[in-house]
Amino acid sequence: MKRKFGDFSSPTPPSDNKPEPQAPAHLEAQASDSAKRQTIRATTPPAIVAARTRRQAVMADSAVFTDQSIPLNAVEAQLKGLLVDVAKYINESQEAAEGEKEGKNVNEPVILRWAGGWVRDKLLGTESNDIDVAINNMTGEAFALRLRDYCDADPAHRERHSIGPADVGNLHKIARNPDKSKHLETTTIKLFGLDVDLVNLRKETYTEDSRHPQVEFGTAEEDALRRDATINALFYNLHTGKVEDFTGGMKDMERKLIRTPLEPLQTFMDDPLRVLRLIRFACRLGFTIDEETKAVMGDERVLEALKLKISRERVGVELEKMLKGPDPFSSLTYINDLSLYHTLFTDSARSDFPRPPLTSWPIAYQTLHSLSTTLATPGSIYSLLVTSPESAYFAWNLAALVPFAALPDDPDLKGGKPAPPLATQAAREGYRAPNKLTDVITASHRNRTAILAMRDLVVRPAAGDEGKKMERDRLGLAIREWDSRPGAGANWRLQVLYAVLVDVADRTTGEGKETVEDVLKEWQAFLDHLVEMDLMDAPSVKRIIDGKQLAKALGVKPGKWMGQALEVVMAWQLRNPTVSDPEGAVEEVRKRKEELGIE
């Protein structure tokens, strides 16, 4: 059950005066952090001043500190206790001031905050196993090493926090990789079964001539402002047990609103991938994107930066999360409404890569949405064709690529080999779709005409062809062929779904347009016939006899004839599904020895 937000009114911020000597260490740390904010106000960059103005317009007041707490489960409380004691251990040993030279704020006590997604999800009543720990004055690796020191320094420390042999995992350092937009080193560690990322608070400064920011140690406010959305810029201060809000994220959570901490154009130009991240969060959480923010997401400058600055692997990660998320329909709707399609589904290395028309595209993904929700009953089109979470994800990829069906293929490659379909190229180069998915995309494109012909044979046969729909071998062999090309596992069911979506988009637009309902009735009738003929699992039918056994029964040596002969065997099996003796199949091959070239 989602918990309700508490009172959003904010208490008076802690005094900047020096605390009394007997004050707890965490209050001393908080006072120091507050004092630092006071000292930097005179030199605050204009972007931060503007962000504060925007935040004040959203919030009822200008407070940063809230009285909002977050209830912790037992494991989170255990982790919090350990981290707070480690911070105290570091502060008391004065390592932060005397030995730690990696950080910027070396004279400050260590202050720890849980940041970003964990805070957002907990406020929404959702549990999370991933926790980001933001540290004010040292790197994640340095803190992790001190944490290991604390655990090993005294057996009483492990006993105090009930640390078992497997509760503190190995450290893993993820190095900076600016070319992949990984601008800061991160240290990860498994603690009490939770995935914990340790990283210092930072600020990022971009220049117009570089897509790689200058990354420096920063304040909590600077760290919050560099994030993609205000709802992802909240902190949970481990020492006070309260949420800290530097951007108006609490109010935006209350209003279910996605908004950027800084001015939207600056946020997106700094990292254009944030456009896709905001769409993903809006669809995942059921939130609305702020109109000012949305207006900039489709800006030509942002789209060009997204196309050129961001690796296609990162685009693929975001798109995969969207299409595997709870609302892929809204994700594609946003992509269409914000004119993102040709930026995502493209080969950016080809200046001449075609841009398909998108007029009828919404009909395709709206149809898939309807098929997967209101029309998804037992025996329905969706239920018969989409049989696993993976195939559901593949189905949304196919819906995204429907516009390419209207374009002609590229010329054949050298040697006469067909060029990959444009839809395959858009998936492979546009968002680095894996081979298993691109095989399905390729097969869906290449077999669509044959699938349509088989549909017509079943539901509206030409004069004289009425009886052909009862030829079980004809239908079964076609299905097996669709499933095996271009490679094993091409998933004939998804190929049929792609044909359905393209057919609906084609026939419900333009002159003489038909209704979606009438088009779907034909496809339902086609699938009902396949069910009646017991052909839905035709690709999994095992041959009643293998090649060696067949050659032995015929008294000949194996040869080139084998492939065609085994197809004759399978056709015989499909005509005689209840017969288990292979002799009839062997006799069928024997009758056609001359035709098959068997000597």
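As shown above, the structure is provided for reference.
Residues numbered from 1 in each chain as written. Predicted model: local features only at pLDDT ≥ 70, side-chain atom pairs only at ≥ 80, totals over all residues. Heavy atoms only, no water.

### Observations regarding the nonpolar core
Stated precisely, the cut-off is as follows: As used in this record, nonpolar core signifies buried Ala, Val, Leu, Ile, Met, Phe, Trp, Tyr and Cys residues forming a set joined through side-chain atoms within 4.5 Å. The classification of residues rests on relative accessible area computed with a 1.4 Å probe and restricted to protein chains. Under 20% of the type maximum is buried, over 50% is exposed, and intermediate values are partly exposed. Strands are runs of DSSP state E lasting at least two residues, helices are runs of H or I lasting at least four, and both sets are numbered from the N terminus onward. Boundaries between domains were set according to an automatic or database domain assignment. Any two residues having at least one pair of non-hydrogen atoms within 4.5 Å are treated as being in contact.
L83, F143, I335, L340, F345, F404 and W523 are the most contacted members of the largest nonpolar core, which has 137 residues in total. If you tally residues by element for this core, the top one is helix 23 (residues 492-507), at 11 residues. Mapped onto the domain boundaries, this core takes at least three residues apiece from domain 1 (62-93 + 106-254) and domain 2 (397-538). Sequence-distant contacts of F404, defined by excluding residues within four places in its chain, comprise Y341, F345, F353, P354, P356, L422, A423 and A426.

### Describing the side chain of E244
Heads up, the rule is: Whenever two N or O atoms come within 3.5 Å, that pair is a polar contact, provided that in protein one can donate a hydrogen and the other can accept it, and provided that, for residues adjacent in sequence, both atoms are side-chain atoms.
As for its placement among the helices and strands, E244 is situated in strand 9 (residues 242-245). A distance of 2.6 Å separates a polar atom in the side chain of E244 from a polar atom in the side chain of R113. Among the polar contacts listed, one links the side chain of E244 to the side chain of N237, at a separation of 2.7 Å.

### A few points about helix 22 (residues 472-484)
The cut-off we apply is this: The span you would expect from a helix comes to 1.5 Å times its residue count less one.
Its 13 residues give helix 22 an end-to-end C-alpha distance of 18 Å, which sits within 8% of 18 Å, the value for a rise of 1.5 Å per residue. Considered for burial, the residues of helix 22 that qualify are R472, D473, L475, G476, A478, I479, R480, W482 and D483. Packed against the buried residues of helix 22 are helix 21 (435-459), helix 23, helix 24 (516-532) and helix 26 (562-575).

### Looking at the pairing of strand 1 (residues 112-115)
Note the following rule: Here, any two strands with at least 2 DSSP bridges between them count as paired.
Side chains L112 and W114 of strand 1 all project onto a buried face; the interleaved residues R113 and A115 project onto the opposite face, where all are buried too. Here strand 1 pairs with strand 2 (residues 130-135) via four bridges, running antiparallel. Bridged to L112 within strand 2 is I135. Alignment of strand 1 against strand 8 (residues 234-237), held across three bridges, turns out to be antiparallel. Bridge assignment links W114 to a residue of strand 8, and that residue is Y236.

### Let's talk about the packing of helix 23 against helix 24
Just so we agree on the cut-off: In this analysis an axis means a line fitted to C-alpha atoms, helices contributing only their contacting stretch, and an angle means the value between N-to-C directions, from 0 to 180 degrees. Just so you know how the angles are binned, under 35 degrees is roughly parallel, over 145 roughly antiparallel, 65 to 115 roughly perpendicular, and the rest oblique. The sense of a crossing depends on the near helix, which, turned anticlockwise from the far helix by less than a right angle, makes the crossing left-handed and, turned clockwise, makes it right-handed. Three classes are used: nonpolar for Ala, Val, Leu, Ile, Met, Phe, Trp, Tyr, Cys and Pro, charged for Asp, Glu, Lys and Arg, and polar for all others, with Gly counted as polar.
Running from amino to carboxyl end, helix 23 crosses helix 24 at an angle of 155°, the nearest separation of the two axes being 9 Å. Between helix 23 and helix 24, the angle falls in the class roughly antiparallel. For the element pair helix 23 and helix 24, the recorded crossing hand is right-handed. Each of W492, V496, A499, V500, D503, V504 and R507 in helix 23 lies in contact with helix 24, whose residues at this interface are V516, V519, L520, E522, W523, F526, L527 and L530. Of the residues that constitute the contact of helix 23 with helix 24, the class distribution is 12 nonpolar, no polar and three charged.

### Observations concerning the pairing of strand 5 (residues 194-200)
Most of strand 5 sits inside the fold, with five of its seven residues counted as buried. Note that strand 2 and strand 5 share six bridges and pair parallel. Within strand 5, the position partnered with V133 by the bridge is L198. Of the pairings in the sheet, the one linking strand 4 (residues 186-191) to strand 5 comprises five bridges and is antiparallel in character. The partner of I189 across the bridge, within strand 5, is V196. Counting the residues that bridge the hairpin from strand 4 to strand 5 gives two residues, and of these F192 lies at a positive phi of roughly 55°.

### Describing the pattern of salt bridges
Condition: Salt bridges are defined as contacts in which a side-chain nitrogen from Lys or Arg sits within 4 Å of a carboxyl oxygen from Asp or Glu.
Using the criterion set out here, one finds 45 salt bridges in the structure. Of the charged contacts in the structure, one is a salt bridge between D195 and K190, with a shortest N-O distance of 2.8 Å. Two residues, R460 and D456, come together in a salt bridge whose shortest N-O distance is 3.0 Å. Assessed through its relative accessible area of 25%, D456 is described here as partly exposed.

### Brief notes about the packing of aromatic side chains
As a reminder, the rule being used: Aromatic pairs are defined between Phe, Tyr and Trp rings, using the six-membered ring for Trp, whenever the two ring centres lie within 6.5 Å; interplanar angles under 30 degrees are classed as stacked, those over 60 as edge-to-face, and all others as tilted.
Evaluation of the coordinates by the stated rule reveals 14 aromatic pairs. Between W114 and W118 the ring centres are 4.8 Å apart and the planes differ by 80°, which places this aromatic pair in the edge-to-face class. Classification of W114 as buried rests on a relative accessible area of 0%. Pairing Y341 with W361 gives two aromatic rings, centres 4.7 Å apart and planes at 65°, and the pair type is edge-to-face. In this pair, Y341 sits in helix 16 (residues 341-344) while W361 sits in helix 17 (residues 361-372), placing the two residues 20 residues apart along the sequence.

### Topic: the packing of helix 14 (residues 312-324) against helix 19 (residues 389-400)
Where helix 14 meets helix 19, the axes come as close as 9 Å, and the angle between the chain directions of the two elements is 110°. When the interaxial angle is binned, helix 14 and helix 19 end up roughly perpendicular. Taken as a pair, helix 14 and helix 19 cross one another with a handedness that is right-handed. Along the contact surface, helix 14 presents E320, L323 and K324, while helix 19 presents Y393, W396 and N397.

Worth remembering: the numbers are spatial, not functional.
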